[in-house]
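Structural overview
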Amino acid sequence: IKQALTRELGATEPWRGHIYVVLYPARGAADTITIASERFRDGWQYHVALPDVVERSRYVRGMVQVLLLELANRNAETRTVEIPLWLLEGFTQLLLASSEVEIILPPPRDKANGLNFSTMIVNARKESLQEQAQKKLRGRPPLTFENLSWPREDELAGSTGDLYSGSAQLFVGELLRLPDGRACLRTMLAQLPQHHNWQFAFLGAFRAHFERALDVEKWWALVRAETAARDSAQAWPLEE
């Protein structure tokens, strides 16, 4: 998961923090995943408490959260940063859609030469970002930037909710598709400790593309319209 996430971000800086994973006996599907951050002289340490049986999307989401914290807290001195939900959910869904077979290993079934191994053959067509998101949106338009930033409770129903998950996946994917999108997201993570409001870090990192939040809304409105057009099989002319 760490390799897949840093590959998506284009991050090459060496690792700094320490992450400790503790398993506890699972009691039910709603068992909590707890992430604790603590600052020491030599940097930050993280403790992740996981049930030993957990649904795969919750597992990946927890790992992505602590990995994003490690990246963002490298410049934090006193307080840990808050990762925006859309960023966390967007990367979680992108990794699940593109690398699920690679990042969630099946239990080994056979043994040879003292090594456990398993074989998996995958035969599937690689789907586009829009196709992946539309499976979760199910014909509904993606959420607005405002709703992604401050989602309502009904939009997060059922873990994070398919509508929110699909919208966040599409939003982060489209940001990554910008010419310098990966570099901008890395800059945003680095600037999070300097701001109590993540929007200032976001606008500062993407200032070459968006001068203000309204510009983000306009850009995202075009993406939403294009997604809706594709979903209804209506191709827009180039002029439109």
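Coordinates for the structure precede this section.
The notes below deal with the structure included here.

Each value, and the rule that gives it
Residues numbered from 1 in each chain as written. Predicted model: local features only at pLDDT ≥ 70, side-chain atom pairs only at ≥ 80, totals over all residues. Heavy atoms only, no water. Salt bridge = Lys/Arg side-chain N within 4 Å of Asp/Glu carboxyl O. Buried < 20%, exposed > 50% of the residue type's maximum accessible area, 1.4 Å probe, protein only. Helix = DSSP H or I, 4+ residues; strand = E, 2+ residues; numbered from the N terminus. Phe/Tyr/Trp six-rings, centres within 6.5 Å; stacked < 30°, edge-to-face > 60°.

Examining the pattern of salt bridges
The tally for this structure, following the rule as stated, stands at eight salt bridges. The partner of Arg16 in a salt bridge is Glu13, and the shortest N-O contact between them spans 3.7 Å. Under the relative-accessibility criterion, Arg16 is labelled partly exposed at 44%. A salt bridge links Glu174 to Arg177; the nearest nitrogen and oxygen atoms lie 3.1 Å apart. Taken as a pair, Glu174 and Arg177 lie in helix H6 (residues 162-177) at a separation of three residues, close to a single helical turn. A residue is classified by how much of its surface remains accessible, and Arg177, at 53% relative accessible area, is exposed. Where salt bridges share partners, they join Glu13, Arg16, Glu70 and Arg74 into one cluster.

Points about the packing of aromatic side chains
Under the definition given, this model contains 15 aromatic pairs. Seen from their ring centres, Phe145 and Phe202 are 6.0 Å apart, and the 35° between their planes marks the pair as tilted. One end of the pair, Phe145, is in helix H5 (residues 145-149); the other, Phe202, is in helix H8 (residues 198-205), and 57 residues separate them in sequence. Neither Phe145 nor Phe202 differs from the other in exposure class; each is buried. With centroids separated by 6.5 Å and ring planes inclined at 25°, the aromatic side chains of Phe171 and Phe202 adopt a geometry described as stacked. Of this pair, Phe171 sits in helix H6 while Phe202 sits in helix H8, and the two are 31 residues apart along the sequence. You can call Phe171 buried: its relative accessible area is 0%. By the ring-pair criterion, three or more aromatic residues cluster together here, those being Trp86, Phe145, Phe171, Trp198, Phe202, Phe206, Phe210, Trp219 and Trp220.

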